[in-house]
Structure formats: structure tokens, C-alpha cells
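Architecture at a glance
These are the residues of each chain, in order.
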Amino acid sequence: MAHNTVDPAAKTPLTLLGLGAMGTALARTWLAAGHPLTVWNRTPARAEPLAAEGAAVAATAAGAVAANRLLVVCLLDDASVGAALDGVDLTGKDVVNLVTGTPGQARARAEWARARGARYLDGGIMAVPPMIGVPAAGPYVFYSGSAALFEEHRATLAVPAGTTWVGEDDGFAALHDVALLSAMYGMFAGVAHAFALFRDEAVAPADLAPLLTSWITAMSGSVARTAEQLESGDYTRDVVSNLAMQVAGTPTFLRTAEEQGVSPELIDPYFRLMRRRLAEGGGDEDLTGVIDLLRGAARA
């Protein structure tokens, strides 16, 4: 007897709103996997190439939503979601919102969707469009919200990128997304400063790059130690170089920047926080106490 080896979940029909670079990448991946796909975009011309690849193109957002129970939204921002779905019947729909936004926006949008009779799942995409549909590139999406929705549609959602569940709090996917990207930009700031120091020297950027990469990789091991200190509340635990010692070295970094004609504006704010923590008596600690200063400053 012949056996059907096709996974039914891989054929789940869905609707996609938004065909920017990311939306188009998502659409093509679902189409290639055999999903019946309905698409809508505010600028209709962007849907034409996907129509040639087998997508059904809806003339209106309401028409696209009506076509399928599973609705994936990949528009510009939260305001665009409200504008596109204003007055659209969401009763019985499963809304997966992949728009980049804040945790507060995600929680408010979840309430908005539930008030309209829909289940809601928020997503934070940890990938750029060329990574979508390429498992070896490591793309994944944080998801939070309706656990039942996530479990039901996990196989479908996993077609373009891996899935990482972070809880039923609707804002957690956005929070994880922004936290990781914030760390990324902090790293970029340090890399920019390092390259700037060498900009007028006879050292090729290509020679400096592998040194920076290996050093940043080695230093990333401190992330786990920071987490352990935060959980224990003991910021002096397993300290390699205490705050007092590190603060003592910061004038050298600032003087070097001055000598090289480089602005210290990317690194000096962190150094100021280090000095504040030291002044409060944290000399024997790791750098972990800076985290509490950030929280205190925001709540003051």
C-alpha cells in the first residue's frame, strides 16, 4: 500500500498582508513549500510577481482576510496594522503579527485582536530577508501570545524560519527582539569606535577585522557570568577584573581617542555609568551593577 508522505500541516492555507522585502521573502518560501497563499499589499504592483508564482492576490485587505483562517501580518509598523485592518471582520481568525514594534504595542494589539474575536500571536523576526527560507543561515522568529495558536500552526510558521516560543505574555516576542537587537547595536558601536581609532593609521581595516571578531567572540563568554550574577544578586561572584580596576583604565581609552582625533561619544556614556557605580561603592563588583543604574535612571 502506498503511503502519503506529505505533511498536511505544510499545506495549511494562509493569508499574508504586506509585501515589502521581508513579506515577499516569506511569501515565496510558503509558496515554494506548497502552501495555498493569498496576499495583499497597499501597492498592488508588488503582488504581481507572486501571482505569477501561484499566489492568489486580493484586491482589499478585507478580501485577503476573508480567504483564510490563518492571517500573517508583515506591514511597516503597528499603525499600518490598525489602518489595514480597520473595520475588517476578524471573527474566528488566527492573527500572527510579525510587525516590529514595542512590547506595549504588542500587548495592545493583542487586546485589539481578541476584542474582535481573533486569537493572537506576536512575532519578532531575527533575520534579514535573504536568510528567510535558508535554514543553514539560521533564521528564526520569537513568538509569544496564544499557546494554542502557536502549537496548531507551528509547522506552517516554521517553513520560512525557525520558531522560538518565549511565553504567553503578548509582549515577550517584541521584548526579546528589541533586547537582542539592542545588544547588536551596542556591539556595532564598539566596532565603529575601534575602526575609527585606526582610520588614519597604516593598518588595513581587513587586517583589524579578524582581531576584532575573535576578541568579541571571546568576550561574549561574559554574558553567561552576568546572567548568573543577576540571578544570585552577588555581583562580586567570579569577578575577573573588578569595577575599580576597569574604571582606573578608562582615562587611557579617552586619551587615546583624543590623540587619534576620534570622538568618545560612543564609549563615554558607558564609562560615566561605570564611574557612578564605583562612586556608589561597587568597586569590588563586576560590570553587572551598571544594569541596575540603567533601570534606576529610567524609573527616576
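Criteria and thresholds
- Note on numbering: residues in each chain are counted from 1, in written sequence order.
- For this predicted model, a pLDDT threshold of at least 70 governs which residues receive local features, and a threshold of 80 or more governs which side-chain atom pairs are given and counted, while totals over whole chains, interfaces and linings are taken from all residues.
- Side-chain calculation: all heavy atoms of the structure are included, whereas hydrogens and water are not.
- Each pair of aromatic rings taken from Phe, Tyr and Trp, with Trp reduced to its six-membered ring, is defined by centres within 6.5 Å and is described as stacked if the planes are under 30 degrees apart, edge-to-face if over 60, and tilted in the remaining cases.
- Think of it this way: any DSSP run of H or I at least four residues long counts as a helix, any run of E at least two long counts as a strand, and we number them from the N terminus.
- The rule is simple: take the accessible area with a 1.4 Å probe, protein chains only, and divide by the maximum for that residue type; under 20% is buried, over 50% is exposed, in between is partly exposed.
- Two thresholds decide whether a charge sits over a ring: the Lys NZ or Arg CZ must be within 6 Å of the ring centre and within 35 degrees of the ring normal.
- The span you would expect from a helix comes to 1.5 Å times its residue count less one.
- What we call a nonpolar core is a set of buried Ala, Val, Leu, Ile, Met, Phe, Trp, Tyr and Cys residues that are connected through their side-chain atoms within 4.5 Å.
- Any two residues having at least one pair of non-hydrogen atoms within 4.5 Å are treated as being in contact.
- Any two strands are treated as partners once DSSP identifies two or more bridges connecting them.
- For helices, the fitted axis covers only the stretch in contact; all axes are lines through C-alpha atoms, and the angles between them, taken along N-to-C directions, range from 0 to 180 degrees.
- Each crossing gets its handedness from the near helix: less than a right angle anticlockwise from the far helix is left-handed, clockwise is right-handed.
- Think of it as three bins: nonpolar holds Ala, Val, Leu, Ile, Met, Phe, Trp, Tyr, Cys and Pro, charged holds Asp, Glu, Lys and Arg, and polar takes everything else, Gly as well.
- The rule for a salt bridge is simple: a side-chain nitrogen of Lys or Arg has to be within 4 Å of a carboxyl oxygen of Asp or Glu.

1. Considering the packing of aromatic side chains
Counted under the stated rule, the structure contains five aromatic pairs. When the ring of phenylalanine 150 is compared with that of tryptophan 165, the centres are 5.0 Å apart and the planes differ by 25°; the resulting orientation is stacked. Remark: tryptophan 165 occurs in strand E8 (residues 162–165) and phenylalanine 150 occurs in helix H6 (residues 147–157); sequence separation between them is 15 residues. Take phenylalanine 150: its relative accessible area is 1%, and that puts it in the buried class. One aromatic cluster in this structure is built from Tyr143, Phe150 and Trp165. For arginine 109, the ring lying beneath its charged end belongs to tryptophan 112, and the centroid distance is 4.5 Å.

2. Comments concerning helix H5 (residues 103–115)
Since the α-helix packs 3.6 residues into each turn, any two residues three or four apart lie on the same face. Given a rise of 1.5 Å per residue, 13 residues ought to cover 18 Å, and the 18 Å separating the end C-alpha atoms of H5 matches this to within 8%. Three or more residues of H5 are buried, namely Pro103, Ala106, Arg109, Ala110, Trp112 and Ala113. Where H5 ends, the next residue or the one after it, glycine 117, has phi of about 85°, a positive value.

3. Looking at the nonpolar core
The tendency in soluble globular proteins is for nonpolar side chains to be buried as a group. If you look at the biggest cluster of nonpolar residues, it comprises 29 residues, and the most contacted ones within it are Leu16, Leu26, Val39, Val96, Leu98, Ile132 and Tyr143. Elements with a minimum of two residues in this core: strand E1 (14–17), helix H1 (21–32), strand E2 (37–40), strand E4 (70–73), strand E6 (119–126), strand E7 (140–145) and H6. When sequence neighbours within four positions are dropped, the list of residues in contact with leucine 26 reads Leu16, Cys74, Leu98, Ile132 and Pro160. Counting residues in hydrophobic clusters, the runner-up holds 21 residues, among them Trp40, Ala61, Trp112 and Tyr120.

4. Overview of the sheet that holds E8
An order of E3-E2-E1-E4-E5-E6-E7-E8 is seen for the eight strands of this open sheet, with the pairing classed as mixed. Where the open sheet ends on each side, the last strands, each with one partner, are strand E3 (56–57) and E8. Judged from the four bridges that link them, E7 and E8 form a sheet pairing that is parallel. Its bridge partner being in E8, tyrosine 143 is matched across the sheet by tryptophan 165. Contacts from helix H7 (residues 172–197) reach E6 and E7 within the one sheet, and its direction differs from that of E6 by about 10°.

5. Description of the packing of helix H10 (residues 243–259) against helix H11 (residues 268–279)
Direction vectors running N to C along H10 and H11 enclose 145°, while the axes themselves pass 10 Å from each other. Note on packing geometry: the crossing formed by H10 with H11 is left-handed. Packed against H10, whose contacting residues are Leu243, Ala244, Gln246, Val247, Thr250, Phe253 and Leu254, the element H11 presents Asp268, Phe271, Met274, Arg275, Arg277 and Leu278 at the interface. The class makeup of the residues in the contact of H10 with H11 is eight nonpolar, two polar and three charged.

6. Section: the pattern of salt bridges
Enumeration according to the criterion identifies 16 salt bridges in this entry. Among the salt bridges present, the one from glutamate 111 reaches arginine 114, with a minimum N-O distance of 2.9 Å. Taken together, the residues span about one helical turn, with glutamate 111 and arginine 114 both in helix H5 at a distance of three residues. Linking glutamate 152 and arginine 119 is a salt bridge whose minimum nitrogen-to-oxygen distance equals 2.8 Å. Here glutamate 152 is found in helix H6, whereas its partner arginine 119 is found in strand E6, with 33 residues between them in sequence. Owing to a relative accessible area of 26%, arginine 119 belongs among the partly exposed residues under this scheme. Salt bridges here are not isolated pairs; linked through shared partners, they connect Arg69, Asp94, Arg119 and Glu152.

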